[in-house]
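# Structure at a glance
Residues per chain, in single letters:
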Amino acid sequence: MSQVAVFETVKAMREAVAAWHAAGEKVALVPTMGALHEGHIALVTEAQKHARRVIVSIFVNPTQFAPHEDFKKYPRTFDSDRAQLEAANADAIYFPAVEEMYPPGFASRVLLLGPAAVGLEDRFRPTHFEGVATVCCKLFTQSKADFAIFGEKDYQQLKVVTRMARDLDLGIEIVPLATFRETDGLAMSSRNRYLSADERALAPTLHKVMQALAARIRNDDPLFQAVADAQNEIITAGFELDYLEARHADTLAPVTSRADGPIRLLIAARIGGTRLIDNIGV
């Protein structure tokens, strides 16, 4: 276990990164909003495979929350986060204040098309990906990292950020990591702590239904009927379903059959006051 440095300013982080680069060391960034769990630590472990130095950013980004969403109640657990990152031998935490990321007069946003405008998360959270892309663009250029590690649980976000980094020539390689799951299949998420005991027991239904749907698609069952049956199963189980769709795994465009290319199943559903998202490949 090593003492992890904490950078609160762009200047401090860039000075450290410049020294690491001057020594010939690669740098990886793991962007987070804190409230870390095993899935985040897995991202750190993956980052250590690609780079000698690992920075974990902890910033609850206000621009990706809509007015009705949970920005103020989003869990903030810095002391626990720091302890976990020290145990994982991360090199540094970037922990900026809102004023450091968005100083007075800040007036720029990243405008998105492509995978950000395909009628999935963007249909329910129309300003979300602009906020994500803007803060990630800033984090990438602030840190000057060589790699950034993202989990596949936020699959549309992964595709948006990968496309943006490529389109804007940001000089950073986006590395995906498969979703980390609880033993019953539930995707690990900081929001899982909001679930009651009954809701937590029901939550793995999402993954089970998607697994069964993937099997039907691989069996060449008619896609439309298979998806409709799975949607009905989720609703009957007691969830409020935002979407469950089969999309092209790279472009996120709609597909009509397995012949349309590699397929990704993506779901968003609410149980009680908690919104859960997940996805799997077919």
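The protein chain appears in an unreviewed UniProt entry as Pantothenate synthetase from Bosea vestrisii. Listed in UniProt under the heading Function (unreviewed entry), the comment for the protein chain reads: "Catalyzes the condensation of pantoate with beta-alanine in an ATP-dependent reaction via a pantoyl-adenylate intermediate." Recorded in UniProt under Catalytic activity (unreviewed entry), the annotation for the protein chain is "(R)-pantoate + beta-alanine + ATP = (R)-pantothenate + AMP + diphosphate + H(+)".

Residue placement: Thr63 occurs in the loop between strand 3 (53–58) and helix 3 (78–87). Thr63 gets classed as buried once you look at its relative accessible area, which sits at 19%. Considering only alpha carbons, one finds Thr63 and Phe129, 66 residues apart in sequence, at a separation of 9.2 Å. Apart from the residues within four sequence positions on either side, Thr63 is in contact with Tyr102, Arg109, Thr127 and Gly131. Within polar-contact distance, the side chain of Thr63 engages the side chain of Asn61 at 3.1 Å. A polar atom in the side chain of Thr63 sits 3.1 Å from the side chain of Tyr102.

Attention now moves to the UniProt feature "binding site: beta-alanine" (unreviewed entry) in the protein chain. In the numbering used here, UniProt assigns the "binding site: beta-alanine" (unreviewed entry) feature to Gln64. Secondary-structure assignment places Gln64 in the loop between strand 3 and helix 3. Gln64 gets classed as buried once you look at its relative accessible area, which sits at 10%. If we ignore the near neighbours within four places in the chain, the residues touching Gln64 are Met33, Glu69, Arg125, His128, Gly131, Val132 and Val135.

Turning our eyes to something else, we now look at the sheet that holds strand 5 (residues 147–151). Spatial strand order, 1-4-3-2-5-6: 6 strands in an open sheet with parallel pairing. Among the strands making up the open sheet, the edge pair consists of strand 1 (5–7) and strand 6 (173–177). Across the sheet, the mean angle separating the axes of adjacent strands is 25 degrees when strand polarity is ignored. The sheet contact formed by strand 1 and strand 4 (residues 92–94) spans 3 bridges and is parallel. Looking across to strand 4, one finds that Ala5 is bridged to Ala92. Contacts between helix 2 (residues 38–50) and the sheet are confined to strand 2 (27–32), strand 3, strand 5 and strand 6, with strand 5 contributing the most and set at about 150 degrees to the helix. Its contacts with the sheet put helix 7 (residues 155–167) on strand 5 and strand 6, and the angle it makes with strand 6 is roughly 165 degrees.

Parameters at a glance
Residues numbered from 1 in each chain as written. Predicted model: local features only at pLDDT ≥ 70, side-chain atom pairs only at ≥ 80, totals over all residues. Heavy atoms only, no water. UniProt positions renumbered as here; feature names shortened; annotations may be inferred. Helix = DSSP H or I, 4+ residues; strand = E, 2+ residues; numbered from the N terminus. Buried < 20%, exposed > 50% of the residue type's maximum accessible area, 1.4 Å probe, protein only. Contact = heavy atoms within 4.5 Å. Polar contact = N/O pair within 3.5 Å; in protein donor to acceptor, adjacent residues only side chain to side chain. Pairing = 2+ DSSP bridges. Axes fitted to C-alpha atoms, helices over the stretch in contact; angles between N-to-C directions.

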